[in-house]
Amino acid sequence: MTALLPTLEEFFVAHGYAVRAPRRVLPFHRRIFRALTRWVTASLPDGRRNLAICMPPRHGKTFIARDLVAWGLAVWPDSEWIYTSCSAKLAIAQTVAIRAAVSADW
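A quick note: this is a predicted structure, and the numbers were derived from the prediction, not measured. (Residues numbered from 1 in each chain as written. Predicted model: local features only at pLDDT ≥ 70, side-chain atom pairs only at ≥ 80, totals over all residues. Heavy atoms only, no water.)

**Description of the nonpolar core**
The following threshold applies: Within this scheme, the nonpolar core is defined by two criteria: the residues are buried Ala, Val, Leu, Ile, Met, Phe, Trp, Tyr or Cys, and they are joined through side-chain atoms within 4.5 Å. Three labels apply to residues, based on accessible area from a 1.4 Å probe with only protein chains included: buried if under 20% of the type maximum, exposed if over 50%, partly exposed otherwise in between. In this text, helices come from DSSP runs of H or I with a minimum length of four residues, and strands from runs of E with a minimum of two, each type numbered from the N-terminal end. In what follows, residue pairs with any heavy atoms lying within 4.5 Å of each other are defined as contacts.
Grouped together as the largest cluster of nonpolar side chains are 18 residues, with contacts concentrated most on Leu8, Phe33, Leu36, Ile64 and Trp71. When residues of this core are traced back to their parent elements, those giving at least two are helix H1 (8–18), helix H2 (27–40), helix H3 (61–75) and helix H4 (88–103). Per-element accounting of this core gives the leading share, 6 residues, to H3. What Ile64 contacts, discounting residues up to four positions off in sequence, is Phe12, His29, Ile32, Phe33, Leu36 and Met55.

**Topic: the pattern of salt bridges**
Under the convention used in this document: Every case where a carboxyl oxygen of Asp or Glu lies within 4 Å of a side-chain nitrogen of Lys or Arg is listed as a salt bridge.
Per the stated rule, a full pass over the model turns up 3 salt bridges. Here Arg23 and Asp67 are joined by a salt bridge, their closest N and O atoms 2.3 Å apart. Placement of Arg23 in the loop between H1 and H2 and of Asp67 in helix H3 is noted, with a sequence separation of 44 residues between them. Each member of the pair, Arg23 as well as Asp67, carries the same accessibility label: buried. One salt bridge connects Asp67 with Arg66, and the closest N-O pair in it is separated by 3.7 Å.

**Comments concerning the packing of aromatic side chains**
Two numbers describe a pair of aromatic rings. These are the distance of the centres and the angle of the planes. Note the cut-off: Classification of ring pairs uses Phe, Tyr and Trp, with its six-membered ring standing for Trp, and accepts pairs whose centres are within 6.5 Å; under 30 degrees between planes counts as stacked, over 60 as edge-to-face, and the remaining range as tilted. Two conditions define a charge located above a ring, namely a distance within 6 Å from the ring centre to NZ of Lys or CZ of Arg, and an angle within 35 degrees of the ring normal.
Tallied over the entire structure, the rule returns 3 aromatic pairs. Pairing Phe12 with Phe33 gives two aromatic rings, centres 5.1 Å apart and planes at 55°, and the pair type is tilted. Of this pair, Phe12 sits in helix H1 while Phe33 is found in helix H2, placing the two residues 21 residues apart along the sequence. The pair Phe12 / Phe33 is uniform in exposure class, with both members buried. With centroids separated by 6.4 Å and ring planes inclined at 65°, the aromatic side chains of Trp39 and Trp81 adopt a geometry described as edge-to-face. You can see Trp39 sitting in helix H2 and its partner Trp81 sitting in the loop between H3 and H4, a full 42 residues away along the chain. Residue classification places Trp81 among the partly exposed positions, given a relative accessible area of 26%. Stacked on the ring of Phe12, the Lys or Arg Arg23 has its end atom at 4.6 Å from the ring centre. Against the face of Phe63 rests Arg23, its NZ or CZ located 4.8 Å from the ring centre.

**Here's the deal with the side chain of Arg66**
Relative to the elements of secondary structure, Arg66 occurs in helix H3. Residue classification places Arg66 among the buried positions, given a relative accessible area of 9%. In contact with Arg66, not counting residues within four places along its chain, are His15, Arg23, Tyr83, Gln94, Ala97 and Ile98.

In structure tokens form, the structure reads like this:
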């Protein structure tokens, strides 16, 4: 029996509930989740591999990027990811959160 894997959006919402900080998913978030899923599965038009997430401040870039890496590691355990940020402090905090999400029971 194969287990159904969550979509990136489902993972994003579940992670919010797991850390007791429910998240609202707005229409533009759904577009980003679809684009990231297409990027991760290498199904972008013309085989493109570059993707930029450009959003105004306070629209969820950090949460989405963090959950993308955690979701990717959960769905493809043998994959390798690099998380970078504008500051070492933020990168370390997000990497610790990624590790906690991947190792959580939920």
